[in-house]
Amino acid sequence: MSSTKVRVVVRVRPVQLADSAERVWVHCINDSTLHTLNHRKDGQMLAYDFQSVFNPKSGQRSVYSSCVQGLLSHLFSGENASVFAYGPTGAGKTHTILGPPSDPGIIPRAVRDIVDMRNTKLAEAPSNKIQLSFSYLEIYQEKVIDLLSPGAVPDLPIREDYDRNIFISGLQEREISSVDEFNLHFAPASKNRSTAATKLNSRSSRSHSVLILKVKVTLPGRTLTGKLHIIDLAGSEDNRRTGNQGERLRESGAINTSLLALSQVVDALNTNQLRVPYRGSKLTRLLQDSLGGNSHSCMIVNLAPEERYYYDTYVTLNFARKTKKIVNTVKTNEVKG
Ligand code: ADP
Ligand code: MG
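Keep in mind that this is a model prediction, so the values were computed, not measured.

The rules behind each value
Residues numbered from 1 in each chain as written. Chains lettered and ligands numbered in written order. Predicted model: local features only at pLDDT ≥ 70, side-chain atom pairs only at ≥ 80, totals over all residues. Heavy atoms only, no water. pLDDT = per-residue confidence, 0-100. Helix = DSSP H or I, 4+ residues; strand = E, 2+ residues; numbered from the N terminus. Contact = heavy atoms within 4.5 Å. Near = heavy atom within 4 Å. Polar contact = N/O pair within 3.5 Å; in protein donor to acceptor, adjacent residues only side chain to side chain. Nonpolar A, V, L, I, M, F, W, Y, C, P; charged D, E, K, R; others polar. Salt bridge = Lys/Arg side-chain N within 4 Å of Asp/Glu carboxyl O. Buried < 20%, exposed > 50% of the residue type's maximum accessible area, 1.4 Å probe, protein only. UniProt positions renumbered as here; feature names shortened; annotations may be inferred.

Turning to the confidence of the model for the protein chain, a few remarks are in order. Taken as a whole, the protein chain shows an average pLDDT of 84; of its residues, 84% reach a score of 70 or greater. Highest mean pLDDT in the protein chain belongs to strand β11 (residues 174–176) (98); lowest belongs to strand β15 (residues 334–336) (39). Contacts from residues 196–204, a stretch scored under 50 in pLDDT, to residues over four places away or in other chains number 19 contacts. Here residues 324–337 is a poorly scored stretch, pLDDT under 50, and it has 40 contacts once near neighbours within four places are set aside; other chains count.

Structure (structure tokens):
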């Protein structure tokens, strides 16, 4: 049985200063340490250590090869894996998970590698059968919406089969055998995401998007199924700062329920607690068989380095350091600056 720990890494995106008066708030010191200014005490720094810190110069390829590539072989032996991007709106989650066509992120790289791995394995053992398929959904206001068939059913039920595998009843699944086939179904589906303008980022998403890539290997006498969940989480920002009201505030409330539940699950796994609170939200229920158990998980914490994000950065780093077994003991020691 493999480890149930969730690996937590941090990625700091390039600086985008609002004006010349704004300060850079987050500094990457090396590949495991970052410093932030201390908002309680001007001129002082807080130091945080993580397993990996990706600085603004780290490219999509290095994040992918460090965090995701090594998970893929597990899918072909019937194990599950999951990758999340966590952080405030504007910090680089969608860039990391999807990326622009000119600088592809995790999804296009993972799909290409999984297709290549399938082709290699089939060339080695042509009598085996390996099926690739995917589903794509969002969790919006604690409702599960099928992005491959939007509008069909407003909230799909999450169920558990006799082998304790989690599945979503009625969720569409598309079989693919090439990257082109994937893009054909994925591109229109990704336009279906619920997005709404907030003060922080007009293209921000208020929902969690979940891509499920499934690998089914049929061998003589047995079938192995592995799932990879790739998740672009909703923004973790504080409502008071985004000025959310009414509908936006209700959305944020639901988002925070899921993110809070996720942090409690990660915390429980990383501190070896016996009871893991998967039922705290739709997101964690969906991930019950992909977080913990025989699964492999990585959470990428995205940070925006500018001063205007200082509060979200502070809250996000405090969340990340709760995963005590993974993040080294946090040094909140002060460095004279
Ligand atoms: P989020 O999904 O967390 O709201 P985005 O991924 O939309 O954030 O990123 C916000 C902006 O910053 C976008 O314009 C994006 O292109 C840019 N950006 C984010 N991360 C990087 C990066 N590592 N390198 C270059 N640009 C980035
Ligand atoms: Mg986004």
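Next comes the rest of the account.
What follows is about the site of ligand 1. Around ligand 1 sit R11, R13, P14, Q16, P88, T89, G90, A91, G92, K93, T94 and H95, and those are all the residues in its vicinity. Residue T94 places a side-chain N or O atom 2.9 Å away from an oxygen atom belonging to ligand 1. Counting residues per element, the shell around ligand 1 draws most heavily on helix α3 (residues 93–97), which supplies 3 residues. The class makeup of the residues in the shell around ligand 1 is 3 nonpolar, 6 polar and 3 charged.

Bringing the pattern of salt bridges into the picture now. Using the criterion set out here, one finds 9 salt bridges in the structure. One salt bridge connects E307 with R23, and the closest N-O pair in it is separated by 3.0 Å. Taken together, the positions of E307 in the loop between β14 (295–303) and α9 (310–321) and R23 in the loop between β1 (6–12) and β2 (26–30) put the pair 284 residues apart, joining distant regions of the chain. A salt bridge links E160 to R285; the nearest nitrogen and oxygen atoms lie 3.4 Å apart. Of this pair, E160 sits in strand β9 (residues 158–160) while R285 is found in helix α8 (residues 282–286), placing the two residues 125 residues apart along the sequence. According to the relative accessible area criterion, E160 is partly exposed, its value standing at 26%.

With phi around 50°, Q141 is a residue other than glycine that occupies positive phi space. For Q141, the location among the structural elements is in the loop between β7 (129–140) and β8 (143–146). One non-glycine residue, N272, adopts positive backbone phi at about 55°. Along the polypeptide, N272 turns up in the loop between α7 (246–270) and α8.

Another point: the UniProt feature "binding site: ATP" (unreviewed entry) in the protein chain. Per the UniProt entry, the sites bearing "binding site: ATP" (unreviewed entry) are G87, P88, T89, G90, A91, G92, K93 and T94 in this numbering. Position of P88 relative to the elements: it lies in the loop between β6 (80–86) and α3. A relative accessible area of 0% places P88 in the buried class. Residues in contact with P88, not counting those within four places in the same chain, are K93, G235, S236, E237, N302, Y309, D312 and T316. Examined against the element boundaries, G92 turns out to sit in the loop between β6 and α3. On the basis of relative accessible area, G92 is assigned to the buried category, the value being 17%.

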